[in-house]
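For reference, the chains in residue letters:
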Amino acid sequence: HHKVALAHDHNTFFSRTLTNMGAQASKPLPRPAVSSGKTRICVAGFGISHHTGRARRIADSIANIYPDQYETWYYFSTAGFRPDFLNSVKASLKEDDQKKLENHNSSPFCWLELSDGTRDGLGGRDKLCDWVQATFDVTEEKNEPFVSLAKEPPTINRVDIFFDAKTPGKAKTTTEE
């Protein structure tokens, strides 16, 4: 009887933990117009995923080092990411990006939004890493925090798996004062 109570308590804890990490479908915050002169790095995906967590760490690092040029927007929901949200984002991309990314169904999905309204679909964490290495000077010391994260795939570790799945990013949303 005692073991059953422990198992029940464990299941309750696990269920609450998953809910807090994006296992319940949530609604994404609106994405307002991109601030003038900035590029918004968007990352969406499952609430528990080492690839998604790594993509978020890369985007955060870029926006922290280059706050005048980059902002971030995130949506993490294990239950809500696909198919509806992912399909709606892919449908909002340029036609050539839609074709290039039509079979992308994994987490995360990364794209860029520019202040002129243009959206550039990147794809998964690996494509975000390719963009980082093509866009930034990989030898410049101040870029090291995100360049080092973009050089190789994440290992399965707590930092990348259990990331902050609630913070919507640095982009101003209509729900903020």
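Please refer to the structure higher up on the page.
From a predicted model like this one, the values you see are computed outputs, not experimental measurements.

### Structural notes on the packing of helix α2 (residues 50-65) against helix α5 (residues 125-135)
Moving on, step 1. Between α2 and α5, the shortest axis-to-axis distance is 9 Å and the interhelical angle comes to 25°. As judged from the angle between their axes, α2 and α5 are roughly parallel. Crossing angle aside, the handedness with which α2 passes α5 is left-handed. Facing α2, whose interface residues are His 51, Arg 54, Ala 55, Ile 58 and Ile 62, α5 presents Arg 125, Leu 128, Cys 129, Trp 131 and Val 132.
Moving on, step 2. Among the residues forming the contact of α2 with α5, the class breakdown is 7 nonpolar, 1 polar and 2 charged.

### Side note on the side chain of Ser 61
Moving on, step 1. Note on placement: Ser 61 falls in helix α2.
Moving on, step 2. Given a relative accessible area of 10%, Ser 61 falls into the buried group.
Moving on, step 3. Residues within four places of Ser 61 in sequence aside, it is in contact with Pro 145 and Phe 146.

### Remarks on the pattern of salt bridges
Moving on, step 1. Enumeration according to the criterion identifies 8 salt bridges in this entry.
Moving on, step 2. In this structure, Lys 94 engages Asp 120 in a salt bridge whose closest nitrogen and oxygen atoms are separated by 2.6 Å. Of this pair, Lys 94 sits in the loop between α3 (81-91) and α4 (95-101) while Asp 120 sits in strand β4 (residues 119-123), and the two are 26 residues apart along the sequence.
Moving on, step 3. Under the relative-accessibility criterion, Lys 94 is labelled partly exposed at 36%.

What counts, and where the lines are drawn
Residues numbered from 1 in each chain as written. Predicted model: local features only at pLDDT ≥ 70, side-chain atom pairs only at ≥ 80, totals over all residues. Heavy atoms only, no water. Axes fitted to C-alpha atoms, helices over the stretch in contact; angles between N-to-C directions. Helix = DSSP H or I, 4+ residues; strand = E, 2+ residues; numbered from the N terminus. Parallel < 35°, antiparallel > 145°, perpendicular 65-115°, else oblique. Left-handed = near helix turned anticlockwise from the far one by under 90°. Contact = heavy atoms within 4.5 Å. Nonpolar A, V, L, I, M, F, W, Y, C, P; charged D, E, K, R; others polar. Buried < 20%, exposed > 50% of the residue type's maximum accessible area, 1.4 Å probe, protein only. Salt bridge = Lys/Arg side-chain N within 4 Å of Asp/Glu carboxyl O.

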